[in-house]
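In case you want the letters, here they are:
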Amino acid sequence: MKKLLCLFVIFSLSSCAELQDIASQLPQGSYGVTNTEIASGLRQALDFGIDKQVTKLTQEDGFFKNELVKITLPAELQKVDKTLRDVGLGNLADQGLKVLNRAAEDAVKEATPIFVSAVREITFNDARNILLGQDDAATQYLIGKTKSQLYDKFNPVITNSLDKVGANQIWSNIIDRYNSIPLTNNVNPDLSDYVTSEALSGVYTMIAVEEKDIRNDISARTTSLLKRVFSLQD
């Protein structure tokens, strides 16, 4: 009990950098949790987040009906959407939004193997810093480890998906209709890069949601390992 009270005082008085330095000096097995268990607990938490949240995004409407990650139009196309709705073409505008989200849902299926590989690489030093970090520290770790790989994976899939779900044809029709409206300026955006970036953002957003739950809601710690490891940060 005295050790825990002392640790709390240290937490209260130390900067984040100092805290991590102190944590790095904690002996193996401090407070009944080994270094190996801490790393395993963080891996398990991330695995749960990937399995639970990323899988949701691969389902139909996983993006489109989730307001946290729904892909809306880029700035240069928002005027297209508004103008179409103003002239009674709201259904066409809705269809355009839906196919962008369908492409993202299709591409996210490529994410899981890359995430699994990154999670396996977590060292004890990584895990310690994550455990003592912010509510999204594990998510930020994944961003650093996977963002470049995921973009390279997502982009061609997004491009193919836009073709597969008919997005390019639909948007060609939308833009043609918009460009034919008097007094409008012609637009021709690159949708593949935009949807790829939005899909990546959505994936990391949902993993962060799960991470925050595990950190802050004891009932979300559904295994004994999660309970033991994350009790250290409480």
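Residues numbered from 1 in each chain as written. Predicted model: local features only at pLDDT ≥ 70, side-chain atom pairs only at ≥ 80, totals over all residues. Heavy atoms only, no water.

Enquirer: I'm lost on helix 8 (residues 137–164) in this one. Help?
Expert: Taking the largest bend as the criterion, helix 8 deviates by roughly 55°, centred on threonine 146. Considering only its buried residues, helix 8 is in contact with helix 3 (35–58), helix 5 (90–107), helix 6 (111–120), helix 7 (124–131), helix 9 (167–179) and helix 10 (191–216). (Bend = angle between axes of the 7 residues up to and from the residue. Helix = DSSP H or I, 4+ residues; strand = E, 2+ residues; numbered from the N terminus. Contact = heavy atoms within 4.5 Å.)

Enquirer: Please clarify how unusual backbone geometry should be interpreted in this entry.
Expert: Across the chain, the bulk of peptide bonds are trans and the bulk of non-glycine residues have phi less than zero. Phi is positive for aspartate 61, which is not a glycine, with a value near 70°. A relative accessible area of 16% means that aspartate 61 is categorised as buried. (Buried < 20%, exposed > 50% of the residue type's maximum accessible area, 1.4 Å probe, protein only.)

Enquirer: Quick question: what am I supposed to make of the side chain of threonine 139 here?
Expert: Residue position: threonine 139 is located in helix 8. If sequence neighbours within four positions are ignored, threonine 139 has contacts with Tyr204, Ile207, Ala208 and Glu211.

Enquirer: What exactly am I supposed to notice about helix 5 here?
Expert: An α-helix turns once per 3.6 residues; consequently, residues spaced three or four apart project the same way. Compared with the 26 Å implied by 1.5 Å per residue over 18 residues, the 27 Å span of helix 5 between its first and last C-alpha is a close match. The element helix 5 is largely enclosed, with a buried count of 14 among its 18 residues. (Expected span 1.5 Å × (residues − 1).)

Enquirer: Even after reading the chapter, I still don't get empty space enclosed by the protein, so can you show me in this structure?
Expert: Inspection of every chain in the model, using the stated rule, returns two cavities of 30 Å³ or more. Put simply, the second largest cavity is a space of about 70 Å³. Leu42, Ala45, Leu46, Gly49, Ala138, Ile207, Glu210, Glu211, Ile214, Arg215 and Phe230 are the residues that line the second largest cavity. Counting residues per element, the ones that place at least two in the lining of the second largest cavity are helix 3 and helix 10. With five residues, the single largest contributor to the lining of the second largest cavity is helix 10. Looking at the lining of the second largest cavity residue by residue, the class counts come to seven nonpolar, one polar and three charged. (1 Å grid on protein atoms, 1.4 Å probe; cavity = no way out; pocket = protein on both sides within 12 Å on 5 of 7 lines; lining within 4 Å. Points joined across faces, edges and corners; volume = space filled by probe spheres on them. Nonpolar A, V, L, I, M, F, W, Y, C, P; charged D, E, K, R; others polar.)

From the geometry alone we can't say anything about function, so treat these as descriptive.
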